[in-house]
Protein chains: 2
Amino acid sequence: MKGSSVDRRTILTSMLVSAATLTVFGRSARAQSDPLPSWNDGQPKKSILDFVSAVTKEGAPDFVPASERIATFDNDGTLWCEQPMYVQLAFVLDRVKTLSAKHPEWKQKQPFKAVLDKDIATLAKAGEKGLVELVMATHAGMTTSEFERIASDWIKTARHPKFNWPYTDLVYQPMLEVLVYLRANGFKTFIVSGGGIEFMRPWSERVYGIPPEQVVGSSIKTQFKIDKDGPVLVRLPTIDLVDDGPGKPVGINSHIGRRPIAAFGNSDGDFQMLQWTTAARDRRFGLIVHHTDAEREYAYDRKSPFGKLDKGLDAASANGWTVVSMKDDWKRIFAFQ
Amino acid sequence: MKGSSVDRRTILTSMLVSAATLTVFGRSARAQSDPLPSWNDGQPKKSILDFVSAVTKEGAPDFVPASERIATFDNDGTLWCEQPMYVQLAFVLDRVKTLSAKHPEWKQKQPFKAVLDKDIATLAKAGEKGLVELVMATHAGMTTSEFERIASDWIKTARHPKFNWPYTDLVYQPMLEVLVYLRANGFKTFIVSGGGIEFMRPWSERVYGIPPEQVVGSSIKTQFKIDKDGPVLVRLPTIDLVDDGPGKPVGINSHIGRRPIAAFGNSDGDFQMLQWTTAARDRRFGLIVHHTDAEREYAYDRKSPFGKLDKGLDAASANGWTVVSMKDDWKRIFAFQ
């Protein structure tokens, strides 16, 4: 079971225990340990350590009280792998296949036919409108509890086509270390993702240590009803929030109600979250994960259909955002490597 | 300065410290202290203590892990006074008066004219449509930061017409004790209110110890923009969520992402939140604050325009919800009494 979720949890737990122990034994012991062991020494690692040190030192000019230490993380491409397609899109395609038994009409109806025929060209032509149709057919029309079970069951068994690991094992070890490090320093860590909020919540606590109430994502509307089993929330085929691009500050404001002091992203979908977080006179931190490692993961940026990073790459330097090269800055990418 | 926020904070802090100390000195010391000193002995107090004991005792049949100990509290009439009108309505009326200098046309235009003329009959006739118009004129059209400043400034200076105390001092001391007691027992406490989310957030942490990210409320839409000062969120005159009645489970699901195990309300606007929370085979807790004390606060229920409690009163017993009589069950209502 090397690299499994259980192993990772054990690693996280022991890191947390070490952090606590070190705090008891004081500064000299802490200085000797490395909170980010999967990061190579270099500017990105230094920028994270310097920022955390600056905002947590009581009495220092950049000190921020613990209650205001909010850090937001994009999910796809920032915390876990988003290639060769968003994990949630793989879920949608699998669900269409599963549900097609009950929908014989899909054999003749686009964009469902294209999914069943693995006809990627036609699927691509269906565009965003087609995608929304597929999402609604697979994400709406059931209760929130039913959807939670469907998403949980799928994520337990589905495997990544290239690495042949469960998707929840394809999370970036260096970023898990950042999450643990920030929390050990009094930060509250949030996910702010373009992905579906109820697709992530069933496993975010187990995988990232981020509880459901600290997950912000795209959502569809729900409606309260009393059915034969009692009160339920029915998922409606109506978009509530698209938590991407300019929707991220909107989602942050709605769910968190204050401005983060640190934001981590990887694509132009995170551009406005980075702007919203770092446009302040006080000390702030913005970071972009740049996918530069074709060997250990994938290399892509300006032209990728998933996780396109173009504007952000150009604007990073002027905005003081740290750009991480996965190839150069990370000792390993996944826990199993 | 008796009864001021500062005093209350001191009381809260010393209660928290006591709770921590008692934990160190073990069970016998804890048993001797009373975590709910403003509650008279009786069924309501006993039901709270019994519930918390049942869900926090490791290995016991009703044990709930700390991460799932979610408790939700209505605000108006449950945590603070909602008579003779909702505090936020007093804010709206004050804002219309203040803004009328810039809106000479309001002198001739309903429902604004009615507010300026103190013509309650006409105002009542304007109904919900009129109210929405007043809310939008006073709550939209500025940035989120501007609104936060306006709401904060108002709440610091406005005073309750009967008690002549700042509204944030008209919070119920027995409920503050419940909040502290639950948190000391590993609960995460949330506000789930029909009131505006951004009206409550500026002071919820100071007054209740509930941080902005744990406040759920009604909301209007916002839009991300870059203006001359950088990125802002502009408040739009469009309703996003009405977090009342059947909207409360919707808001809970959206913001918290799991079902509370305890819910506290006082009106029929909390009915569905209580249903959603308590309809489970596992141990759950629902409580209704019944306003029965005309002398120390107000007495009202089935016919009140604010905080109407009718259906909830009838359904409480069958659902196992605890009903608190403020007159009989609370030693004092406000900290200054």
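Bear in mind the structure is a predicted one, so any value in this text is a computation, not a measurement.

## Considering the interface of chain B and chain A
Counting from both sides, the interface comprises 27 residues of chain B and, opposite them, 27 residues of chain A. Among the elements of the structure, helix 9 (197–208), strand 3 (215–227), strand 4 (230–241), helix 10 (247–255) and helix 11 (271–278) of chain B are those that each provide at least two residues to the side of chain B that touches chain A. At 5 residues, the largest contribution of residues to the side of chain B that touches chain A is made by helix 10 of chain B.

## Description of the packing of helix 7 (residues 144–157) of chain B against helix 9 of chain B
All names here are of chain B. Relative orientation of the contacting elements helix 7 and helix 9 amounts to 65 degrees, with a least axis distance of 9 Å. Two packed elements cross with a definite hand, and for helix 7 against helix 9 that hand is right-handed. On helix 9, the residues that touch T144, F147, E148, A151, S152 and I155 of helix 7 are E198, F199, P202 and W203. Its residues assigned to classes, the contact of helix 7 with helix 9 shows 6 nonpolar, 2 polar and 2 charged.

## Looking at the environment of W203(A)
Residue and element names in this part refer to chain A. Examined against the element boundaries, W203 turns out to sit in helix 9 (residues 197–208). Residue classification places W203 among the partly exposed positions, given that 19 C-beta atoms sit within 10 Å. Excluding its chain neighbours within four sequence positions, the residues that come into contact with W203 are I155 and T168.

## Some words on the sheet that holds strand 6 (residues 285–290) of chain B
Think of a sheet as strands paired side by side through backbone hydrogen bonds, with each pair either parallel or antiparallel. Residues and elements named next belong to chain B. Strand order in this open sheet of 7 strands is 4-3-2-1-5-6-7, and the pairing throughout is mixed. The two strands at the open ends of the sheet, each matched to only one other strand, are strand 4 and strand 7 (322–325). Between one strand and the next, the sheet's axes are offset by a mean angle of 30 degrees, whatever the strand orientation. Both strand 5 (residues 262–265) and strand 6 contribute to a ladder of 4 bridges, which runs parallel.

## Description of the domain arrangement of chain A
All names here are of chain A. Domain boundaries assigned for chain A yield domain 1 (5–84 + 164–329) and domain 2 (87–157). Listing elements by their share of the side of domain 1 that touches domain 2, those giving two or more residues are strand 2 (188–196), helix 9, strand 3 (215–227) and strand 4 (230–241). Looking at the side of domain 1 that touches domain 2, the element that brings in the most residues is strand 4, giving 6 residues.

## Focus on the nonpolar core
Formed by 68 residues in total, the largest nonpolar core has its most connected members in F190(A) and I191(A). For this core, the element with the most residues is helix 8 (residues 173–184) of chain A, which contributes 6 residues. Residue-level mapping places this core at the junction of two domains, with at least three residues from each of domain 1 (5–84 + 164–329) and domain 2 (87–157) of chain A. Apart from residues lying up to four places away in sequence, F190(A) is in contact with I70(A), T72(A), F73(A), I210(A), Q214(A), V216(A) and I256(A). The next biggest cluster of nonpolar side chains, apart from the first, holds 67 residues, and it includes L123(B), I191(B), V216(B) and W330(B).

Analysis parameters
Residues numbered from 1 in each chain as written. Chains lettered and ligands numbered in written order. Predicted model: local features only at pLDDT ≥ 70, side-chain atom pairs only at ≥ 80, totals over all residues. Contact = placed C-beta atoms within 7 Å. Helix = DSSP H or I, 4+ residues; strand = E, 2+ residues; numbered from the N terminus. Axes fitted to C-alpha atoms, helices over the stretch in contact; angles between N-to-C directions. Left-handed = near helix turned anticlockwise from the far one by under 90°. Nonpolar A, V, L, I, M, F, W, Y, C, P; charged D, E, K, R; others polar. Buried ≥ 20, exposed ≤ 12 C-beta atoms within 10 Å, placed from the backbone. Pairing = 2+ DSSP bridges. Domains from an automatic or database assignment. Core = buried A, V, L, I, M, F, W, Y, C linked by C-beta atoms within 7 Å.

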